[in-house]
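Structure at a glance
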Amino acid sequence: MTINPLRYRIGPRRRIGQILIFALLVAAGCKEDAPDKFQERKDITGDGGNSALLISAASSLTNAFQELGPAFTSRTKIPVILNFGASGQMLRQIEQGAPADILASADMNTVDEGIRKSLLDRSRMQFFARNELLLVTPRDSRVRVPNVYWLLRDNVKHVAIGDPQFVPAGRYAKWALEELQLYWLLERKLIPANSVRQALQYVVSGEVEAAFVYRTDFKLKEDSLELIQALRTPPIAYPAILVRKSKHRKQSILFLEFLRNAPEARAILDKYGFVHD
């Protein structure tokens, strides 16, 4: 197989992530005697005419949030618009004036930067899930890679990694490789991806011999991938935070409470392999 590394170089930094609109016109409210911690607040729920809540989320959250959005709308009648991409790209969009109410990031570095730039509200931040970084290979690959050190071998030509400048999974992978004193030895083989989902796509399609992805990504394509090993990294925690210029502050706070406390939110995160706090 021939691969052109230039094909996989990072595209324009300002590329807008895919937008998925969940406008649920009919939704059921929660029961007044609901036993869970999340309680619908009648004074701020949607009425069908409210504008949607805009949520920018890390690409690794795509599948989970595609279910969390409608679940929240069923609870509150507040419609949700979801925008997915690398956490750093989502922050760049907010900085450049793109509308958003909540940022759900795959790392704290992105959130810290947003707080320093007065883009995000530190007082309205919470951690809601955790993840793990894995080294994976195509299940039908003829290239044997029993551990991360085998990536140094000549028969391993390309390894997909999220671009560390924008993709948290790439930063975690770089950190892990630097701790093992492997990063500079492998740098020429690393194919930077625009998101962890793009890295996943490369390895599933067999365009690379290995990739660094989250456990939740591996879970989505487990039939096509071989798990080689988990990498030691700093804790991979997902914070959700209110955007300072949000036009839907009360609704955003309600979503943060839902994300943290609603049983159906926890069930959805469990379903996709996230560990919730």
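Notes on the structure in this doc start here. Please read these numbers as outputs of a predicted model, since none were measured by experiment.

1. Description of the sheet that holds strand 9 (residues 210–214)
- The mixed open sheet is built from five strands, whose spatial order is 8-7-9-6-10. Edge positions in the open sheet fall to strand 8 (190–193) and strand 10 (225–230), since each of these has one partner strand only. With strand direction ignored, the average angle separating the axes of adjacent strands in the sheet is 35°.
- Packed onto the sheet, helix 4 (residues 168–179) meets strand 6 (133–138), strand 7 (159–162) and strand 9 and runs at close to 115° relative to strand 9.
- Of the strands in this sheet, strand 6, strand 7, strand 8, strand 9 and strand 10 are in contact with helix 6 (residues 196–204), which crosses strand 9 at around 140°.

2. Describing helix 3 (residues 108–116)
- Taken as a whole, helix 3 has its buried residues at T110, V111, G114 and I115. Projected down its long axis, helix 3 shows its buried positions confined to an angular sector of 135°, all on one face.
- Contact partners of the buried residues in helix 3: helix 2 (87–95), strand 4 (102–104), strand 5 (120–131), helix 4 and strand 11 (236–243).
- Of the residues one or two after helix 3, S118 is the one with positive phi, at around 60°.

3. Some words on the nonpolar core
- With 74 residues, the main nonpolar core has F65, F128, L151 and F212 as its most contacted residues.
- Counting residues in each nonpolar core, the second largest holds eleven residues, with I94, L103, V111 and V243 among its members.

Rules of the game
- Residues numbered from 1 in each chain as written.
- Predicted model: local features only at pLDDT ≥ 70, side-chain atom pairs only at ≥ 80, totals over all residues.
- Heavy atoms only, no water.
- Pairing = 2+ DSSP bridges.
- Helix = DSSP H or I, 4+ residues; strand = E, 2+ residues; numbered from the N terminus.
- Axes fitted to C-alpha atoms, helices over the stretch in contact; angles between N-to-C directions.
- Contact = heavy atoms within 4.5 Å.
- Buried < 20%, exposed > 50% of the residue type's maximum accessible area, 1.4 Å probe, protein only.
- Arc of directions from axis to C-beta.
- Core = buried A, V, L, I, M, F, W, Y, C linked by side-chain atoms within 4.5 Å.

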